[in-house]
Amino acid sequence: MDKKEEMLAISRLVFELTITSSTTSDMDVLLERLFEILKDYPDIRTEQRGAFLLLNPRGRYFQIAQFGMAPAWDTLLNFDTAAFSSPVIAEYCLVQDIVQVNSVDEPASAPERVLLLPLHIEDQGIGYAVIFVSPACELSEIFLDFFNDLARALSGLVQRTLSGETLRLRELELEEARADAIRSLGVASEYRDNETGWHIMRMTNFAHAIAKCMGLPQEQSELLFVAAPMHDVGKIGIADAVLLKPGKLTEEEFEVMKKHTDIGVTILKGNDALITAAREIAGSHHEHWDGKGYPAGLKGDAIPLLARICSVADVFDALTSTRPYKDPWSVPSAYDWVMSESGKYFDPTVVRAFDEAMPEILRIRELYRDDIIDPKQVLTLPPVKHREDAWLPWDEKLSIGIDVIDEHHRYLFDLINDLYVVVITKRGARDVARLIKSLDAYAKIHFRAEEQMMIHYGYAGLDQQLQQHHAFEEKIQEFYEELHANPLVAQFDVLSYLRGWLIHHIRVEDAKLVALVR
């Protein structure tokens, strides 16, 4: 390849890769296209294998995309070469050797040669593109120039991908800020007649579990999850004399209470999908399938679907919860009543999904409970179907002997596995951010419940637990912020951290909580 050929090759590469990167943010696809083009230049002697390795803020490299080789969570490839021992990115291309490790019990294989193309954005090194080459590869000046130009081209394409992902994160933040503001109205109304506020958490998760069993599309299911907490937002306009009355309401008082649906509709003005869903839920979750509900006496499919789902979730939790005017029903009694109201109070399709979702609903009741955890309580929950091929499988050896805490931990494992699926299916930084926020929110719930238990029973290791809980929360917030700086790296970084931290914390710190059982 002479200088003219090199310029033509780079021009073609940049043109074709630019087209690829404009139609996808998938870095694996970008690598695949790169190697397809490189095949047309056999004298370069590259192999059909490579990867992108990018730095996190602490100087650790993460394999964020690959072609012709295993992904980071499956590979045994050791990238601990001289270049990767330093967070300082080279100015120009490097040729170095790496070693393939087959297992911890077997000797390493022969070294393999790689070409490292430095990636820079605004004069700051962010990582390397790794290209496997022939073991005898020695680059001439022309080839070095070619790959240095290619490195600059790839840097620009990586920057475009990062900018696109960051923009999607900012869009999510605007949506979340708006949803949080609306959701806070629902929480405020709930705290007026339920001092714990857990009803909203349980009811929302019940509704989400029912929606999953109904096979609702993911987008609609997520919309339900965000909008459901606003179901009783109209209670904010009901007088305390009615809302907080400890006994049965008179007929006149009940008519006042019924106005909370109309008030909710008035509050939730707007035409976008979120506001529309929240308004339909707030206005119609007391409608009955047979048309005998309120406020409009809607019947059957005329009742919005999300409102029908929330109706079942709301009533079941209300029946099984303590209220100023009643004692809680037993779970079997509440379940039987809901089932008996199929086709009358409730949509039969929703009731069937409620029946199917009962194992998850019973689990949610324990995860979002009002009372202080009893370390000696024995849970008899029906088995919940867990992933058979989970990235982070639950191991019964991690059980600490407190059933409720073990269930909390299993749920945290589920959330981490959900995050893993989002990462490996390349759903993007937007969905990664959403999952990190969900995991952070539940971790706080778990920590506060655990801390209340420790305080109530006088656990001696409380201070150490508090320190670790707060450190974890700060770390997750740090990862969330890092998503904006480099969303491609942060999603892999947080997975690595979560797996290591949670297992270590359970084995070292939470295992000591068994002292509360003795």
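Everything below is about the structure printed above this text.
Scope of this entry: the structure provided in the associated data block. It should be emphasised that the depicted structure is a prediction, and the values quoted were computed from it without experimental measurement. (Residues numbered from 1 in each chain as written. Predicted model: local features only at pLDDT ≥ 70, side-chain atom pairs only at ≥ 80, totals over all residues. Heavy atoms only, no water.)

1. Concerning the overall build of the protein chain
- Across its full length, the protein chain holds 15 helices and 6 strands.
- Looking at the protein chain as a whole, 51% of its 518 residues qualify as buried.
- Sequence separation of at least 24 residues holds for 66% of the intrachain contacts in the protein chain that already meet a minimum separation of 6.
- Element-wise, carbon and sulfur atoms account for 54% of the exposed surface of the protein chain, whose accessible area totals about 23,900 Å². (Helix = DSSP H or I, 4+ residues; strand = E, 2+ residues; numbered from the N terminus. Buried < 20%, exposed > 50% of the residue type's maximum accessible area, 1.4 Å probe, protein only. Contact = heavy atoms within 4.5 Å. Areas by Shrake-Rupley, 256 points an atom, 1.4 Å probe, with all protein chains shown as cover.)

2. Here's the deal with the pattern of salt bridges
- A full pass over the atoms with the stated rule returns 32 salt bridges.
- Linking Asp414 and Arg363 is a salt bridge whose minimum nitrogen-to-oxygen distance equals 2.9 Å. Of this pair, Asp414 sits in helix 12 (residues 403-424) while Arg363 sits in helix 11 (residues 348-367), placing them 51 residues apart in sequence.
- Owing to a relative accessible area of 2%, Arg363 belongs among the buried residues under this scheme.
- For the salt bridge of Glu396 with Arg410, the shortest nitrogen-to-oxygen distance reads 3.5 Å. Of this pair, Glu396 sits in the loop between helix 11 and helix 12 while Arg410 sits in helix 12, and the two are 14 residues apart along the sequence.
- Arg410 sits in the buried class, given a relative accessible area of 16%.
- A single salt-bridge network, built from bridges that share partners, covers Glu360, Arg363, Glu396, Glu407, Arg410 and Asp414. (Salt bridge = Lys/Arg side-chain N within 4 Å of Asp/Glu carboxyl O.)

3. Structural notes on unusual backbone geometry
- The residue after Tyr294, namely Pro295, is reached through a cis peptide bond having omega 10°.
- Here Pro295 is to be found in the loop between helix 8 (273-284) and helix 9 (305-319).
- If you check the backbone angles, Asp123 has positive phi at about 65° while not being a glycine.
- Assignment of secondary structure puts Asp123 in the loop between strand 5 (111-121) and strand 6 (124-133).
- Classification of Asp123 as exposed rests on a relative accessible area of 81%.

4. Points about the nonpolar core
- In terms of nonpolar packing, the biggest core is built from 130 residues, with Phe52, Ile64, Leu117, Phe147 and Ile210 touching the most fellow members.
- With residues near it in sequence (within four places) discarded, Leu117 still touches Cys93, Gly127, Tyr128, Ala129, Ile131, Phe147, Leu150, Ala151 and Leu154.
- Counting residues in hydrophobic clusters, the runner-up holds 16 residues, among them Phe79, Ala83, Phe84 and Tyr128. (Core = buried A, V, L, I, M, F, W, Y, C linked by side-chain atoms within 4.5 Å.)

5. Structural notes on the pairing of strand 5
- With 8 of its 11 residues buried, strand 5 lies for the most part within the structure.
- Relative to strand 6, strand 5 is paired through 8 bridges, and the arrangement is antiparallel. Bridged to Leu117 within strand 6 is Ala129.
- The antiparallel hairpin formed by strand 5 and strand 6 contains 2 residues in its connecting segment, where Glu122 sits at a positive phi of about 50°. (Pairing = 2+ DSSP bridges.)

6. Some thoughts on the packing of helix 5 (residues 218-227) against helix 8
- It is the contact of helix 5 with helix 8, at a shortest axis distance of 9 Å, that shows an interaxial angle of 65°. In the crossing of helix 5 with helix 8, the sense of the turn from one axis to the other is right-handed. In this structure, helix 5 uses Leu223, Leu224, Val226 and Ala227 to contact helix 8, whose residues at the interface are Ala273, Leu274, Ala277, Ala278 and Ile281.
- Counted by class, the contact of helix 5 with helix 8 contains 9 nonpolar, no polar and no charged residues. (Axes fitted to C-alpha atoms, helices over the stretch in contact; angles between N-to-C directions. Left-handed = near helix turned anticlockwise from the far one by under 90°. Nonpolar A, V, L, I, M, F, W, Y, C, P; charged D, E, K, R; others polar.)

7. Notes on the pairing of strand 2 (residues 61-67)
- With 6 of 7 residues buried, strand 2 lies mostly within the body of the structure.
- Sheet topology note: the strand 1 (residues 46-55)/strand 2 ladder contains 6 bridges and is antiparallel. Bridge pairing in strand 2 places Gly50 opposite Phe67.

8. Brief notes about the side chain of His446
- By secondary structure assignment, the location of His446 is in helix 13 (residues 429-456).
- In terms of polar contacts, His446 uses its side chain to reach the side chain of His408, at 2.9 Å.
- Look past the residues within four positions of His446 in its chain and what remains in contact with it is Ile405, His408, His409 and Leu412. (Polar contact = N/O pair within 3.5 Å; in protein donor to acceptor, adjacent residues only side chain to side chain.)

9. Observations concerning the packing of aromatic side chains
- All told, the structure shown has 23 aromatic pairs when counted by the stated rule.
- Consider the rings of Tyr368 and Tyr442, whose centres lie 5.5 Å apart with planes at 70°: the pair is edge-to-face. One end of the pair, Tyr368, is in the loop between helix 11 and helix 12; the other, Tyr442, is in helix 13, with 74 residues separating them in the sequence. We note that Tyr368, like Tyr442, is buried.
- Between the aromatic rings of Trp394 and Phe413, the centroid separation amounts to 5.1 Å while the plane-to-plane angle is 80°, which identifies the pairing as edge-to-face. Taken together, the residues span a long stretch of sequence, with Trp394 in the loop between helix 11 and helix 12 and Phe413 in helix 12 at a distance of 19 residues. (Phe/Tyr/Trp six-rings, centres within 6.5 Å; stacked < 30°, edge-to-face > 60°.)

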